[in-house]
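If you want the building blocks of each chain, they are given just below.
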Amino acid sequence: MVKVPEFEELKSWDEVRGQFSQGAALLLGNGMSRSVWDRFEYPSLYETACNVSTRPLTPESQRLFQHVGGSNFEQVLALLIHADIVNGGLRIADGGKVQTARDNIRDALIDAVRWVHIPWTLMTQPNLDAIREELTKYITVYTTNYDLLPYWALMTGDGPDRFKDFFVNGSFEKWPTGNRIPIFYLHGALHLYTTPDYQTKKRAHADGENLLDQFDGSFENDNRPLFVSEGDWKGKLVSIHDSDYLTFAFESFKKWQGKLVVFGHGLDPAVDQHVVDALAPAVTRRAAIAVYPPNSTKELDKIRAGLRARFPAWDVTFFDQTTHPLGLPARKVVPPTPAAPTPAG
């Protein structure tokens, strides 16, 4: 049985950082994004595509997701592309149903992503600089976030000279990091896409457009976006093993045995058992796990007990997420208030 103190206040990051100032890796989860933009707290991208999108998923598309048994867009889009190839090869006439479903799912996903994602124009340079500066304090960065916040931060200022994402001229390549800090997108990201021959590519911003505006380009020429946004952990693992880049990133994550700071990640076995399993083989590890302060001591103790039970051999310190540079109130971006309509007449 894991012994948990009856009461133990969360430490501040300032009390903890000294133990992790040298040689620690960072694991980021969706809590980092929610610290910046409230809409990242959406319950499900699939639900958003059904209910909020201006071009929502049709009942037919929703039935397809139910038949596949999940809500992973990447998997469903891949199946539709394969169905189109098979139908064409066997000269099966489907009345355009496959293409209609592909178009609807593409449009609903684009609208859902743009609804939940913070616009580039609202990310100030000081905010991007603060995020980037914090990430430079780690020897390696792993993230399960699919949004563009880490990429935006690392691609501004001196970020390109300090970080390495293993893409050269838009193509995935494994080559030594040198003195740069490697970053791994464990579940993919909005700026990554998969070609019909299963190569992973990175999209760069075009003149006058940011990557969020260019997201619909990830569907051109039978390409599909590479990000695993939801579904159960088994489905996520299937998507990881189907991708050369995601497999490479996840294998790197599994090999990390050193100190670890976890920020904004619940390590919930229900949705991320594969992440828990990748970390568990490290029998002994010093880790600092960020916790958003709950409403009661009882709830806090329950959170800590659950995490200690998952990693019983770890030397774990829990700290207040809102005291870390990535979770400070200064990171929060408030949407602008819509202008009042002009009175008629």
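Since we're looking at a predicted model, the values are computed, not measured. (Residues numbered from 1 in each chain as written. Predicted model: local features only at pLDDT ≥ 70, side-chain atom pairs only at ≥ 80, totals over all residues. Heavy atoms only, no water.)

Q: Explain the sheet that holds strand β11 (residues 286-291) to me, please; I cannot follow it from the model alone.
A: Adjacent strands of a sheet form backbone hydrogen bonds with each other and so pair up, either parallel or antiparallel. Taken in spatial order, the seven strands of this open sheet run β3-β6-β2-β1-β10-β11-β12, and their pairing is parallel. Every interior strand has two partners, whereas the edge strands, β3 (163-164) and β12 (315-320), have only one. As paired strands, strand β1 (residues 25-28) and strand β10 (residues 260-263) are joined by four bridges and run parallel to one another. Residue pairing across strands places L28 opposite F263, the latter belonging to β10. Sitting on the sheet, helix α11 (residues 244-255) touches β1, β2 (140-143) and β6 (181-185), and the angle it makes with β6 is about 120 degrees. Across the sheet, helix α13 (residues 297-310) touches β11 and β12, and the angle it forms with β12 is around 150 degrees. (Pairing = 2+ DSSP bridges. Helix = DSSP H or I, 4+ residues; strand = E, 2+ residues; numbered from the N terminus. Contact = heavy atoms within 4.5 Å. Axes fitted to C-alpha atoms, helices over the stretch in contact; angles between N-to-C directions.)

Q: I tried to follow unusual backbone geometry on my own but got confused; where do I start?
A: Peptide bonds are trans in most cases, and residues, glycine excluded, mostly fall at negative phi. Of note, R91 is a non-glycine position whose phi angle comes to about 55 degrees, a positive value. Note on placement: R91 falls in the loop between α5 (73-90) and α6 (97-116). Notably, N221 is not glycine yet its phi reads approximately 55 degrees, a positive angle. In this structure, N221 sits in the loop between β8 (200-202) and β9 (224-227). Classification of N221 by relative accessible area gives exposed; the value is 68%. (Buried < 20%, exposed > 50% of the residue type's maximum accessible area, 1.4 Å probe, protein only.)

Q: Please explain the pairing of β12 as it appears in this structure.
A: Successive side chains on a regular strand alternate, one facing one side of the sheet and the next facing the other. For β12, a buried count of five out of six residues is recorded, marking the element as mostly surrounded by other parts of the structure. Bridge count between β11 and β12: six bridges; the pairing is parallel. Bridge pairing links I289 to F318 in β12. Where the polypeptide runs from β11 across α13 and back to β12, its parallel neighbour, the crossover connection is right-handed. (Right-handed = clockwise from strand over helix to strand, strands pointing away.)

Q: Sorry, what's going on with the pattern of salt bridges here?
A: Where charged atoms from two side chains of opposite charge come close, those side chains can pair. On inspection of all chains with the given rule, the structure shows 20 salt bridges. Close ionic contact of R55 with D107 constitutes a salt bridge, the shortest N to O distance being 3.6 Å. Taken together, the residues R55 in the loop between α3 (45-51) and α4 (59-68) and D107 in helix α6 connect sequence positions 52 residues apart. Relative accessible area serves as the criterion here: at 16%, D107 is assigned to the buried category. Ionic contacts of the salt-bridge type, sharing partners, join the residues D129, R132, E133, K137, D158 and R162 into one network. (Salt bridge = Lys/Arg side-chain N within 4 Å of Asp/Glu carboxyl O.)

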